[in-house]
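The residues making up each chain are set out below.
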Amino acid sequence: TIMSNKQIMIVDDSPIMRVILGNIINEDPQLMIIEYASDGQEALNKLSTVKPDLIILDLEMPEMDGITFLQNLRYKSNAKVMIVTGAELTSPKINQAKMLGAQAVINKPSGAISPDLKAKKGQEIKNTIYRVLGM
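Residues numbered from 1 in each chain as written. Predicted model: local features only at pLDDT ≥ 70, side-chain atom pairs only at ≥ 80, totals over all residues. Heavy atoms only, no water.

1. Some points on the sheet that holds strand E5 (residues 104-107)
Taken in spatial order, the five strands make up an open sheet running E2-E1-E3-E4-E5, and their pairing is parallel. Each edge of the sheet is formed by a strand with only one pairing partner; in this case those strands are strand E2 (31-37) and E5. Averaged over all neighbouring strand pairs, the angle between strand axes comes to 25 degrees, with direction disregarded. One ladder, built from four bridges, connects strand E3 (residues 54-57) with strand E4 (residues 80-85); its direction is parallel. The partner of Ile-55 across the bridge, within E4, is Val-81. On top of the sheet, helix H3 (residues 66-73) reaches E3 and E4; it is set at about 160 degrees to E3, its chief contact. (Pairing = 2+ DSSP bridges. Helix = DSSP H or I, 4+ residues; strand = E, 2+ residues; numbered from the N terminus. Axes fitted to C-alpha atoms, helices over the stretch in contact; angles between N-to-C directions. Contact = heavy atoms within 4.5 Å.)

2. Some details on the nonpolar core
Core analysis: the biggest nonpolar cluster contains 23 residues, and Val-11, Leu-47, Ile-55, Leu-57, Phe-69, Val-81 and Ile-83 have the highest contact counts within it. Secondary-structure elements contributing two or more residues to this core are strand E1 (6-11), helix H2 (40-46), E3, H3, E4 and helix H4 (92-99). Beyond its immediate stretch of four places on either side in the chain, Leu-57 contacts Val-11, Gly-66, Phe-69, Leu-70, Val-81, Met-82, Ile-83 and Val-84. One finds Met-17, Leu-21, Leu-31 and Ala-104 within the second-largest nonpolar core, a separate group that totals 19 residues. (Core = buried A, V, L, I, M, F, W, Y, C linked by side-chain atoms within 4.5 Å. Buried < 20%, exposed > 50% of the residue type's maximum accessible area, 1.4 Å probe, protein only.)

3. Points about the packing of helix H1 (residues 15-26) against helix H5 (residues 115-133)
Relative to each other, H1 and H5 sit at 70 degrees, their axes nearing to 10 Å. By the criterion of interaxial angle, the relationship of H1 to H5 is roughly perpendicular. The crossing of H1 and H5 is right-handed. Judged by residue contacts, Leu-21, Ile-24 and Ile-25 of H1 engage Gly-122, Ile-125, Lys-126 and Ile-129 from H5. (Parallel < 35°, antiparallel > 145°, perpendicular 65-115°, else oblique. Left-handed = near helix turned anticlockwise from the far one by under 90°.)

4. Comments concerning the pattern of salt bridges
When charged atoms on two side chains of opposite charge get close, those side chains can pair. Inspection of every chain in the model, using the stated rule, returns eight salt bridges. The shortest N-O distance in the salt bridge between Asp-12 and Lys-108 comes to 3.1 Å. Of this pair, Asp-12 sits in the loop between E1 and H1 while Lys-108 sits in the loop between E5 and H5; the two residues are 96 residues apart in sequence, bridging distant segments of the chain. Given the relative accessible area of 2%, Asp-12 is considered buried. Measuring nitrogen to oxygen at the nearest pair gives 3.4 Å for the salt bridge that ties Lys-93 to Glu-60. With a gap of 33 residues between them, Lys-93 in helix H4 and Glu-60 in the loop between E3 and H3 connect regions that are remote in the sequence. For Lys-93, a relative accessible area of 25% puts it in the partly exposed group. Among the charged side chains, a network of salt bridges with common partners joins Asp-12, Asp-58 and Lys-108. (Salt bridge = Lys/Arg side-chain N within 4 Å of Asp/Glu carboxyl O.)

5. Some remarks on the pairing of E3
Of the two faces of E3, the one carrying Leu-54 and Ile-56 and the one carrying Ile-55 and Leu-57 are both buried. In the sheet, E1 pairs with E3 via four bridges, with the strands oriented parallel. Paired with Met-9 across the strands is Ile-55, a residue of E3. After leaving E3, the chain enters H3 and then returns to the sheet as E4, a path that is right-handed. (Right-handed = clockwise from strand over helix to strand, strands pointing away.)

Dropping the structure here:
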């Protein structure tokens, strides 16, 4: 049977991070980005029309941050959530995100990284997506 693509929404206020994550995900034929949003409010609005399997979520955003988004998400969607953050993984916000249902948390790929490290980070991101989606 042909597996349908897993549909992913990226929520991050950084255009560069949206591109980096988008490139990593679009390299994978089983994954497809269906929507981008630059903050939690925009993402909630878009969830009226799109039904992602997975939401990749930044925590630090203007307008509506990741925690507030998670508090409102379940009224709109059953999507799984993976946090990609620049914060320390020990930060209290991370625990709060997990309590609100985030299935996985990983650090953002930083801007100035070698191609080798980028490939490794890309693989980590894909592995985490697979795990969260049970692929």
